[in-house]
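# Chains, contacts and geometry: an overview
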Amino acid sequence: MDGGLQVAALVAAGAFLMLVLVLAVPILRLRHTVDATTRMINDLNEQTTPLLGDVNTTVKNVNTVLEQVQTSLDGVNLQLAKVDTMTSHAQSVTANVANLATVVSAAAANPLVKVAAFGYGVRRAASARRHAETEREVRDTIKQQRRAARRGDR
């Protein structure tokens, strides 16, 4: 049995050798795939590192610009607040000037109306007086003509 056990061990060793040989081919191919993947990852890492540095620089620049924009917006908001204050003051001044103009107009209008009415009355009286003098002269002339006509008829 010692011989049968040796044959069985020899067959088992041969089968194990065949199994190792069959599995060695995929393992070697897998090793080539892993090596190619490792090279690709290393290349990608070499190319990505400068890109990430550029991205970090760009983000820093964008943050700087955003801070400047925020500062500018703060300044604009401050100026708008000042303009709003000036506008409200100008509106107040305009309202005061309008009220003053109304008061002056009311104060000046009453005496002006009286002066205009007085002037109209004086012109009308002078015109009536001129007409009255003219009418009196015409009446006197007509009376004289009638008297002269009566004297001439007698």
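Residues numbered from 1 in each chain as written. Predicted model: local features only at pLDDT ≥ 70, side-chain atom pairs only at ≥ 80, totals over all residues. Heavy atoms only, no water.

Let us now look at the overall build of the protein chain. Helices and strands together make up the secondary structure of the protein chain, namely 1 helix and 0 strands. Its C-alpha atoms give the protein chain a radius of gyration of 62 Å, clearly above 15 Å, the size a compact globule of 154 residues would have. With the principal axes as the frame, the protein chain shows a C-alpha extent of 205 × 40 × 30 Å. Within the protein chain, the fraction of its 154 residues that count as buried is 0%. On the protein chain, roughly 13900 Å² of surface is accessible, and the fraction owed to carbon and sulfur atoms is 65%. (Helix = DSSP H or I, 4+ residues; strand = E, 2+ residues; numbered from the N terminus. Rg over C-alpha atoms; globule rule 2.2 N^0.38 Å. Buried < 20%, exposed > 50% of the residue type's maximum accessible area, 1.4 Å probe, protein only. Areas by Shrake-Rupley, 256 points an atom, 1.4 Å probe, with all protein chains shown as cover.)

A word on a positive patch on the surface. A cluster of basic residues, K143, R146, R147, R150 and R151, forms a positive patch on the protein surface. Note on placement: K143 falls in helix 1 (residues 2-153). (Patch = residues over 30% accessible without salt bridge, like charges linked within 9 Å, V, L, I, M, F, W, Y side chains within 5 Å. Salt bridge = Lys/Arg side-chain N within 4 Å of Asp/Glu carboxyl O. Lys, Arg positive; Asp, Glu negative; His and termini not counted. Charge placed at Lys NZ, Arg CZ, Asp CG, Glu CD.)

Here we take up the pattern of salt bridges. Inspection of every chain in the model, using the stated rule, returns 2 salt bridges. Where R139 meets E135, a salt bridge forms, and the shortest distance between an N and an O atom there is 3.4 Å. With R139 and E135 both in helix 1, this residue pair falls 4 residues apart, about one helical turn. Owing to a relative accessible area of 48%, R139 belongs among the partly exposed residues under this scheme.

Function-wise, these values are silent; they only describe arrangement.
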